[in-house]
Amino acid sequence: MHLTFLGAAGTVTGSKYLLEVAGRRLLVDCGLFQGYKQLRLKNWAALPVKPASLDAVLLTHAHIDHSGYLPLLVKNGYGGRVWCTPGTAALCEILLPDSGHLQQQDAEYANRKGFSKHRPALPLYDKQDAIDCLSALERVEFNDWFEPCAGVRARLRPAGHILGASSVELEADGQRLLFSGDLGRNDHPILYDPAPPPPVDYLVVESTYGDRLHPPSDPAQELAAVIKRTAARGGMVLIPAFAVGRTQELLFYIYQLKQQGAIPDVPVFLDSPMAINASELLQRFASSHRLSAAQAREVCATATYVREREDSIALNSRTHPMIIISASGMITGGRVLHHLKARAGNPDNTILFAGYQAGGTRGAALLAGAQEIKLHGRYLRVKAEVASIENLSAHADWQGILDWLSAMPSPRQAFVTHGEPAAADALRLRLHEKFGWAATAPTLGERVHLK
Ligand SMILES: [Zn+2]
């Protein structure tokens, strides 16, 4: 049996693991590289295996860095099934067509600006390619064993990271393997705790926070403080947020704070069709999370949905205290741009960040204290308060990963992936020091023989 790390090695994106066993080829995760250009360029390189030669694909979850290569895989000849939970399939139906649309936009932008080597610049795949690949999705419930191809048994175990997220357990050739996928945190307000890991021979574990601990702060309290002081000034709170996961967590906290009477009853607008669709899934997949059907309904009803662009723009003329949640989470695009333009100049308002801001984005500049940011070719003066909630990560930190693994007997080998080099190495060292495990952090493209 051989395992090849085709992505998420030395970096947090591009998750793709190729397993070759008894003449069969399986791919666990099928993600896009994201972030810096040198990483994104890797999406254009041909895979070392022909897509048509693969027998099965299994997805841990729907985030684009785990699923976003799927449209290209199918376009390039993969004709098999893609196994995942129903929650993951539903999120793929939202996220993949959007990813295709963004690829098209990028290609159009490159053509307008004339900076592509290729004329015309082509998208990696388009929206139709993404829609086409959705029919390959094969839904399997958590914890049910299935046979993705002859000689291989698998089951998907809850990983607590986003709706539908799983760890993949595989049995083949007398060996057992576990791919952690992105591992969530215990005591998440909406999602169940990750299921305890089964005993295995080989472990592939993520390390996004392999060298960091989450702060002990309570995100609900921080959110309440920001909303209260902004409303007291007569201002509004603008929250740039990621559509999947983060938005639903924010809605839950706002719902809870309103129930407790801990914040004033200001109107909340959810201004992102994708975030609305993702939130609605809480009601469709009631058994996949902690909320009762009634709670899921009430959490969604906390916000007024704003689907139409005209209604989004109409919000600009509202002056009373309110909360607007809008994408994108790092203010790189989307409707949040026009809200920022309308609101950033007023010191009564607050721009509240609820997630990681990557270097080079407007979000990162604002958090670093920039007084002016560039928007649609002009500089925008920022007088609003800028705040952030620190403790909303959907990933376990290193202590959380160790706690999760502590019940597991020693595997023959652990592979530490899905982390920046320093984070992966820190976790590798901790697995060795704390548990005495043989652990390595593989490099991109590395192929190992599992005996
Ligand atoms: Zn993820």
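Asks: I would appreciate a short explanation of the overall build of the chain in the present structure.
Replies: Secondary structure summary: the chain contains 14 helices and 22 strands in total. In terms of overall dimensions, the chain is globule-like: its C-alpha atoms have a radius of gyration of 22 Å, near the 22 Å expected for 451 residues. Viewed in the frame of its principal axes, the chain has a C-alpha envelope of about 65 × 55 × 40 Å. Burial status across the chain gives 57% buried among its 451 residues. When the accessible surface of the chain is summed, it comes to about 18900 Å², and 50% of that surface belongs to carbon and sulfur atoms. Averaging the coordinates of the 46 positive side-chain charges in the chain and doing the same for the 44 negative ones gives two points 6 Å apart.

Asks: Help me understand the coordination of the zinc ion, please; the structure alone is not making it clear to me.
Replies: Coordination of the zinc ion by the protein comes from His61 (NE2), His63 (ND1), His161 (NE2) and Asp182 (OD), over a distance range of 2.2 to 2.3 Å. Coordination at the zinc ion is irregular: its four donor atoms span angles of 88 to 170 degrees at the metal. Counting the intervening residues between successive donors of the zinc ion yields the motif H-x1-H-x97-H-x20-D. Highlighted residues: histidine 63 in the loop between strand E4 (56–58) and helix H2 (64–67) and aspartate 182 in the loop between strand E10 (175–179) and strand E11 (202–206), separated in sequence by 119 residues.

Asks: I tried to follow the domain arrangement of the chain on my own but got confused; where do I start?
Replies: Here the chain is described as being made up of domain 1 (2–212 + 394–449) and domain 2 (219–388). Contact residues are listed per partner, giving 18 residues for domain 1 and 18 residues for domain 2. Buried area between domain 1 and domain 2, summed over both chains or domains, comes out near 1700 Å², and the portion from carbon and sulfur atoms is 72%. At the boundary of domain 1 with domain 2, the tally comes to one salt bridge. Residue aspartate 193 is joined to arginine 290 by a salt bridge in which the shortest nitrogen-to-oxygen separation is 2.9 Å. Between the two partners, domain 1 and domain 2, sit five residue pairs in polar contact (both at pLDDT 80 or more). The class makeup of the residues in the side of domain 1 that touches domain 2 is twelve nonpolar, three polar and three charged.

Asks: When you look at the sheet that holds strand E12 (residues 237–240) in this model, what are you seeing that I'm missing?
Replies: Sheet strands line up and pair through hydrogen bonds in the backbone, either parallel or antiparallel. The strand order E14-E13-E15-E12-E16-E19 describes an open sheet built from six strands, whose pairing is parallel. Strand pairing shows two members of the sheet lacking a second neighbour, strand E14 (304–305) and strand E19 (385–388), which therefore form its edges. Relative to strand E16 (residues 350–353), E12 runs parallel, the two being bridged by two bridges. Each bridged residue has a counterpart across the sheet, and for valine 237 the counterpart in E16 is threonine 350.

Asks: Honestly, the pattern of salt bridges in this entry has me stumped. Any pointers?
Replies: Side chains bearing opposite charge may pair, as long as their charged atoms lie close to each other. Using the criterion set out here, one finds 18 salt bridges in the structure. A salt bridge links arginine 153 to glutamate 171; the shortest N-O distance between them is 3.3 Å. Highlighted residues: arginine 153 in strand E8 (residues 152–158) and glutamate 171 in strand E9 (residues 166–172), separated in sequence by 18 residues. Residue classification places glutamate 171 among the partly exposed positions, given a relative accessible area of 25%.

Asks: Got a minute to help me understand the sheet that holds strand E20 (residues 413–417) in this structure?
Replies: Within the open sheet, the seven strands sit side by side as E7-E8-E9-E10-E11-E20-E21. Their pairing is mixed. In the strand order of this sheet, the two ends are held by strand E7 (146–149) and strand E21 (439–440), each with one partner. In this fold helix H13 (residues 398–405) packs onto E9, E10 and E11, with an angle of close to 155 degrees to the strand it touches most, E11. Relative to E20, helix H14 (residues 421–435) is tilted by about 155 degrees, and along the sheet it contacts E11, E20 and E21.

Asks: Help me understand the side chain of histidine 66 in this model?
Replies: For histidine 66, the position within the fold is in helix H2. Overall, histidine 66 belongs to the buried group, its relative accessible area being 1%. Among the polar contacts made by the side chain of histidine 66, one reaches the side chain of aspartate 65 at a distance of 3.5 Å. A polar contact is formed between the side chain of histidine 66 and the side chain of histidine 418, at a distance of 3.2 Å.

Asks: Would you mind going over the packing of aromatic side chains with me for this structure?
Replies: Each pair of aromatic rings is reported with the distance of its centres and the angle of its planes. Counted according to the given criterion, the structure contains seven aromatic pairs. Consider the rings of phenylalanine 5 and phenylalanine 415, whose centres lie 5.4 Å apart with planes at 50 degrees: the pair is tilted. Note that phenylalanine 5 is positioned in strand E1 (residues 2–5) and phenylalanine 415 in strand E20, a separation of 410 residues in sequence. Every member of this aromatic cluster is reached through a ring pair, and the members are Phe5, Tyr17, Phe179 and Phe415. Geometry around tryptophan 145 places arginine 153 over its ring, the cationic atom sitting 4.1 Å from the centre.

Asks: What exactly am I supposed to notice about the side chain of threonine 60 here?
Replies: Relative to the assigned elements, threonine 60 resides in the loop between E4 and H2. Discounting residues that sit within four places of it in the chain, threonine 60 has contacts with Val28, Asp29, His66, Thr88, Gly164, Ala165, Ser166, Val168 and Gly181.

Asks: What exactly am I supposed to notice about the packing of helix H8 (residues 273–284) against helix H9 (residues 293–301) here?
Replies: Angle between the axes and distance between the axes are the two parameters that describe a pair of packed helices. Two numbers describe how H8 lies on H9: the axes approach to 8 Å, and their chain directions differ by 160 degrees. One way to sum up the angle between H8 and H9 is to call them roughly antiparallel. As H8 runs across H9, the sense of the crossing is left-handed. Between H8 and H9, the residues in contact are Ser279, Glu280, Leu282 and Gln283 and Ala296, Arg297 and Cys300, respectively. Residue classes in the contact of H8 with H9 are distributed as three nonpolar, two polar and two charged.

Calculation notes
- Residues numbered from 1 in each chain as written.
- Predicted model: local features only at pLDDT ≥ 70, side-chain atom pairs only at ≥ 80, totals over all residues.
- Heavy atoms only, no water.
- Helix = DSSP H or I, 4+ residues; strand = E, 2+ residues; numbered from the N terminus.
- Rg over C-alpha atoms; globule rule 2.2 N^0.38 Å.
- Buried < 20%, exposed > 50% of the residue type's maximum accessible area, 1.4 Å probe, protein only.
- Areas by Shrake-Rupley, 256 points an atom, 1.4 Å probe, with all protein chains shown as cover.
- Lys, Arg positive; Asp, Glu negative; His and termini not counted.
- Charge placed at Lys NZ, Arg CZ, Asp CG, Glu CD.
- Donors = N, O, S within 2.8 Å, 3.2 Å for Na, K, Ca; no water.
- Tetrahedral: all angles 85-135°; square planar, octahedral: opposite > 155°, others 65-115°.
- Domains from an automatic or database assignment.
- Contact = heavy atoms within 4.5 Å.
- Buried area = accessible area lost by both parts, 1.4 Å probe.
- Salt bridge = Lys/Arg side-chain N within 4 Å of Asp/Glu carboxyl O.
- Polar contact = N/O pair within 3.5 Å; in protein donor to acceptor, adjacent residues only side chain to side chain.
- Nonpolar A, V, L, I, M, F, W, Y, C, P; charged D, E, K, R; others polar.
- Pairing = 2+ DSSP bridges.
- Axes fitted to C-alpha atoms, helices over the stretch in contact; angles between N-to-C directions.
- Phe/Tyr/Trp six-rings, centres within 6.5 Å; stacked < 30°, edge-to-face > 60°.
- Lys NZ or Arg CZ within 6 Å of the ring centre and 35° of its normal.
- Parallel < 35°, antiparallel > 145°, perpendicular 65-115°, else oblique.
- Left-handed = near helix turned anticlockwise from the far one by under 90°.

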